[in-house]
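Read off the chains here:
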Amino acid sequence: MHKLDPEDPIQQEFRYLRDLAAASDEKWSIDDWINVDDAVPSDDNSKDTDDSEDDNDHDGLPDSIDWVEAGAVTPVKNQGSCGSCWAFSSTGAIEGAHFIKTGELVSLSEQNLMDCDTLDSACEGGLMEQAFKFEESANGLCSEDDYPYMATDDSVCNNDCVKVESTIVKDYIDIEAGDKHGLLASIVLQPTSIAMNAGGLGFQFYSSGVFDDDSCGEDGSIDHGVLAVGYGHDEDSKHDFIKVKNSWGDSWGEGGYFRIKRHSKNDYGTCSVYAYMTAPILA
């Protein structure tokens, strides 16, 4: 699969939105914004620090996006003890793109990807871009109802299921590592696959609010695929955030979702959410 031609209309729209988001802080270098201190000042006459004042990273874009409220996101799923997060992130991104293209929300089969995608390794892990590449050659995915999730490496590829129309991936947007503006621009267009560091206990025991522990992802490592479904600003914490769908069931976090602080001193953001970002383009 080739990367999108710069003249592709979807790629043009992505680049336009990305440049629009970045335009307000062109005078900043990346070293400036990753070292912003957003701690609330102590007893003085300064106003409370507001993340959006430190870096107007969505200038020119909507103030907030929520694809869950828009109806483009299927209910939270549960990968269980299988390391198939990559498949859940991939199907979630395709589900969102399919909804935007057709107006129809269909839950797609992770097990279809796991059994048939020879580029990835089912319960042993994989990459969302590779899933998109497989999905192009496979001519679409089957529905969750037609090809249910088994959380296993042992099932055989079933070629008899009926592919959901308009789920063929023709290409993907490859967002440069560390490009926060690129992620926000992509989220404006559609739910977007990202990877992160989810191994720390602080994150695993997250329950609500905006997660803001910069010790998570300090080294830039990633080990978990998830789906970015929105962004906004939280008045309680004064943090701008990205809203993310997880695949650990709806009893974890905020009904299966979490919000994570957009601004961080880390090179790739809190929990490395800017380390790996990609979005499928449907045929």
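Throughout, residues of each chain are indexed from 1 in the direction in which the sequence is written. Note on the predicted model: pLDDT of at least 70 is required for a residue's local features to be given, and 80 or more for side-chain atom pairs to be given and counted; whole-chain, interface and lining totals, by contrast, use all residues. Neither water nor hydrogens contribute to the side-chain values; these are computed over all heavy atoms in the structure.

Student: How do you make sense of the packing of aromatic side chains when you look at a structure like this?
Tutor: In this description, a pair of aromatic rings is defined by centroid distance and the angle of the planes. Under the pairing criterion, centres of Phe, Tyr and Trp rings, with the six-membered ring standing for Trp, must be within 6.5 Å; the plane angle then separates stacked pairs below 30 degrees from edge-to-face pairs above 60, leaving the rest tilted. Summed over all chains, the structure comprises 10 aromatic pairs. Taken together, a centroid distance of 5.7 Å and an interplanar angle of 90 degrees make the contact between Phe-203 and Phe-211 edge-to-face. For Phe-211, a relative accessible area of 10% corresponds to the buried category. Aromatic pair Trp-252 and Phe-258: ring centres 5.9 Å apart, planes at 85 degrees, arrangement edge-to-face. For every residue, the accessible area (1.4 Å probe, protein chains only) is compared with the maximum for its type, and the residue is labelled buried under 20%, exposed over 50%, or partly exposed between those bounds. Under the relative-accessibility criterion, Trp-252 is labelled buried at 10%. Ring-pair connections join several aromatic residues into one group, and the members of that group are Phe-203, Tyr-206, Phe-211, Trp-248, Trp-252 and Phe-258.

Student: What am I meant to see in the nonpolar core here?
Tutor: Note that soluble globular proteins tend to have their nonpolar side chains buried in a common cluster. Judged by nonpolar contacts, the single largest core of 70 residues is most densely connected at Leu-183, Ile-187, Ile-194, Met-196, Ile-242, Phe-258 and Ile-260. In this analysis, two residues are considered to be in contact whenever any of their non-hydrogen atoms come within 4.5 Å of each other. In this structure Met-196 touches Phe-203, Ser-221, Ile-222, Asp-223, His-224, Val-226, Phe-258, Cys-271, Ser-272 and Val-273, once residues within four positions along its chain are discounted. Take the buried residues of types Ala, Val, Leu, Ile, Met, Phe, Trp, Tyr and Cys, join any two whose side-chain atoms come within 4.5 Å, and each joined set is a nonpolar core.

Student: Please clarify how helix 4 (residues 85-102) should be interpreted in this entry.
Tutor: In an α-helix, one full turn covers 3.6 residues, which means residues spaced three or four apart are oriented alike. Taking 1.5 Å as the rise per residue, helix 4 with 18 residues should run 26 Å; its terminal C-alpha atoms sit 25 Å apart, in good agreement. Most of helix 4 sits inside the fold, with 15 of its 18 residues counted as buried. At the exit of helix 4 stands Gly-103, carrying a positive phi of roughly 80 degrees. Here a helix means four or more residues in a row that DSSP labels H or I, a strand means two or more in a row labelled E, and each is numbered from the N terminus. The span one expects for a helix is its residue count, reduced by one, times 1.5 Å.

Student: Help me out: how do you make sense of the pattern of salt bridges in this one?
Tutor: When charged atoms on two side chains of opposite charge get close, those side chains can pair. By salt bridge we mean one thing: a side-chain nitrogen of Lys or Arg within 4 Å of a carboxyl oxygen of Asp or Glu. Summed over all chains, the structure comprises 12 salt bridges. In this structure, Lys-77 and Glu-110 form a salt bridge, with 2.7 Å as the shortest nitrogen-oxygen distance. You can see Lys-77 sitting in the loop between strand 1 (65-66) and helix 4 and its partner Glu-110 sitting in helix 5 (residues 110-116), a full 33 residues away along the chain. Each of the two residues, Lys-77 as well as Glu-110, counts as buried. Through salt bridges that share partners, Lys-77, Glu-95, Glu-110 and Glu-144 make up one connected network.

Student: Explanation requested: the environment of Thr-102 in the structure shown.
Tutor: Structurally, Thr-102 can be placed in helix 4. For Thr-102, a relative accessible area of 38% translates into the label partly exposed. For the pair Thr-102 and Glu-165, spaced 63 residues apart in sequence, the C-alpha separation works out to 9.4 Å. Polar contacts, as counted here, are pairs of nitrogen or oxygen atoms within 3.5 Å of one another; within protein the pair requires one atom able to donate a hydrogen and one able to accept it, and residues that are adjacent in sequence qualify only if both atoms are side-chain atoms. Within polar-contact distance, the side chain of Thr-102 engages the backbone oxygen of His-98 at 2.8 Å. At a separation of 3.1 Å, a polar atom in the side chain of Thr-102 contacts the main-chain amide nitrogen of Glu-104.

Student: Quick question: what am I supposed to make of the pairing of strand 8 (residues 277-282) here?
Tutor: Within a regular strand, the side chains alternate between the two sheet faces. Here strand 8 lies mainly inside the structure; six of its six residues are buried. With burial as the criterion, each face of strand 8 is covered, one bearing Met-277, Ala-279 and Ile-281 and the other bearing Thr-278, Pro-280 and Leu-282. Relative to strand 8, strand 3 (residues 192-196) runs antiparallel, the two being bridged by two bridges. Pairing of Ser-193 across the sheet is with Thr-278, part of strand 8. Two strands pair under a simple rule: DSSP has to find at least two bridges between them.

Student: Teacher, can you tell me more about the state of the cysteines here?
Tutor: A covalent bond bridging the sulfur atoms of two cysteines is what the word disulfide describes. The term disulfide is used for any two cysteine sulfur atoms that are within 2.5 Å. Counted under the stated rule, the structure contains four disulfides. Cys-142 shares a disulfide with Cys-161; S-S distance 1.9 Å. Between Cys-142 and Cys-161, the S-S dihedral sits near 70 degrees, and the bridge is therefore right-handed. With Cys-142 in the loop between helix 6 (128-138) and strand 2 (169-175) and Cys-161 in the loop between helix 6 and strand 2, this residue pair connects regions lying 19 residues apart in the sequence. Overall, the relative accessible area of 9% leaves Cys-161 in the buried class. Across a sulfur-sulfur distance of 2.1 Å, Cys-216 and Cys-271 are joined as a disulfide pair. Measuring handedness by torsion sign, the sulfur bridge of Cys-216 and Cys-271 sits at about 120 degrees and is right-handed.

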